[in-house]
Amino acid sequence: RLQVEGCGPAATEPSVFPRPFRSRIRPRLAKALVVSADCGTAALAMWLAFVLRARLGNTDIRADAGRHLLVGAVSLPGWILVFARYRLYTSRHVWDRLEEVRRVFHAVAVAILLVAVTAVSLRVYVARGWLVLSLVTGIALVCIERAVLRRVFDTLRRNGHMSRLVVIVGTNAEADRLKATMTAD
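Residues numbered from 1 in each chain as written. Predicted model: local features only at pLDDT ≥ 70, side-chain atom pairs only at ≥ 80, totals over all residues. Heavy atoms only, no water.

### Regarding the pattern of salt bridges
Link 1 in the chain: The final tally for this structure, using the stated rule, is 6 salt bridges.
Link 2 in the chain: Notably, a salt bridge pairs E100 with R146, separated by 3.0 Å at the nearest N-O pair. Linking E100 in helix α3 (residues 97–121) with R146 in helix α4 (residues 128–158), this pair joins segments that are 46 residues apart in sequence. Comparing E100 with R146, the two get one shared label, buried. (Salt bridge = Lys/Arg side-chain N within 4 Å of Asp/Glu carboxyl O. Helix = DSSP H or I, 4+ residues; strand = E, 2+ residues; numbered from the N terminus. Buried < 20%, exposed > 50% of the residue type's maximum accessible area, 1.4 Å probe, protein only.)

### Section: the nonpolar core
Link 1 in the chain: Membership of the largest hydrophobic core comes to 33 residues, with the highest contact counts inside it found for V71, W79, F83, V108, V115, V126 and W130.
Link 2 in the chain: Those residues in contact with F83 that sit more than four places away from it in its chain are D38, L88, Y89, A107, V108, V142 and R146. (Core = buried A, V, L, I, M, F, W, Y, C linked by side-chain atoms within 4.5 Å. Contact = heavy atoms within 4.5 Å.)

### With respect to the environment of N172
Link 1 in the chain: Here N172 lies in the loop between α4 and α5 (173–184).
Link 2 in the chain: Owing to a relative accessible area of 45%, N172 belongs among the partly exposed residues under this scheme.
Link 3 in the chain: Within the local environment of N172, its side chain forms a polar contact with the backbone nitrogen of A175, the two atoms lying 3.0 Å apart. (Polar contact = N/O pair within 3.5 Å; in protein donor to acceptor, adjacent residues only side chain to side chain.)

### What about the side chain of T41?
Link 1 in the chain: Tracing the sequence through the fold places T41 in helix α1 (residues 27–56).
Link 2 in the chain: There is a polar contact of 3.4 Å between the side chain of T41 and the side chain of E145.
Link 3 in the chain: In contact with T41, other than residues within four places in its own chain, are L141, V142 and E145.

### A few points about α3
Link 1 in the chain: With 25 residues, α3 should cover 36 Å at 1.5 Å per step; its first-to-last C-alpha distance of 35 Å lies within 8% of that length.
Link 2 in the chain: For α3, every residue scored as buried is listed here: E100, R103, V104, A107, V108, A111, I112, V115, T118 and A119.
Link 3 in the chain: Close packing links the buried residues of α3 with α1, α2 (65–85) and α4.
Link 4 in the chain: Just beyond α3, the residue with positive phi is R123, at close to 55°. (Expected span 1.5 Å × (residues − 1).)

Put into structure tokens, the structure is as follows:
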């Protein structure tokens with residue numbers, strides 16, 4: 001977890017937290033899980049948009065399910081590339097929730113444009129209502145998914161996983177404040 005040497009009033013005694021540093025979850029594995037969750041969420045958003053469009057629309061688009069499935073499946077890797085471009089897989093860029101929501105909003109909008117370009121490139125007709133509903137469900141579901149993942153990662157960090165060793169050099173008030181800040185998280 002966090003080991004602080006020589007910080008505080010009694011600088012001769014090391015201050016060691018009860019749990020040893022053991023990070024069982026590797027950062028690459030965590031990132032792969034986030035990418036997989038994003039891919040599944042994007043697929044779910046497009047499927048949910050199709051179901052809503054089929055129920056709410058005046059025309060029956062259920063006969064065109066294969067076309068929508070094809071366009072959605074072909075465009076899924078593009079979603080991941082767009083999310084990576086918007087730095088949604090870099091922790092320093094999504095530490096603030098509001099910043100993450102802003103990035104998700106923009107990334108999903110670009111991903112839906114990519115879906116439309118994919119449909120045109122494949123010369124496959126897809127319902128415009130499906131694209132609009134995919135935008136709305138995509139933003140909502142990805143924001144919910146990211147909130148759930150944030151909670152999971154916070155819980156893992158609190159339990160000693162996915163943390164880094166930190167060495168604070170010094171014994172002044174600034175070192176004490178830094179130690180207090182790091183142990184509070």
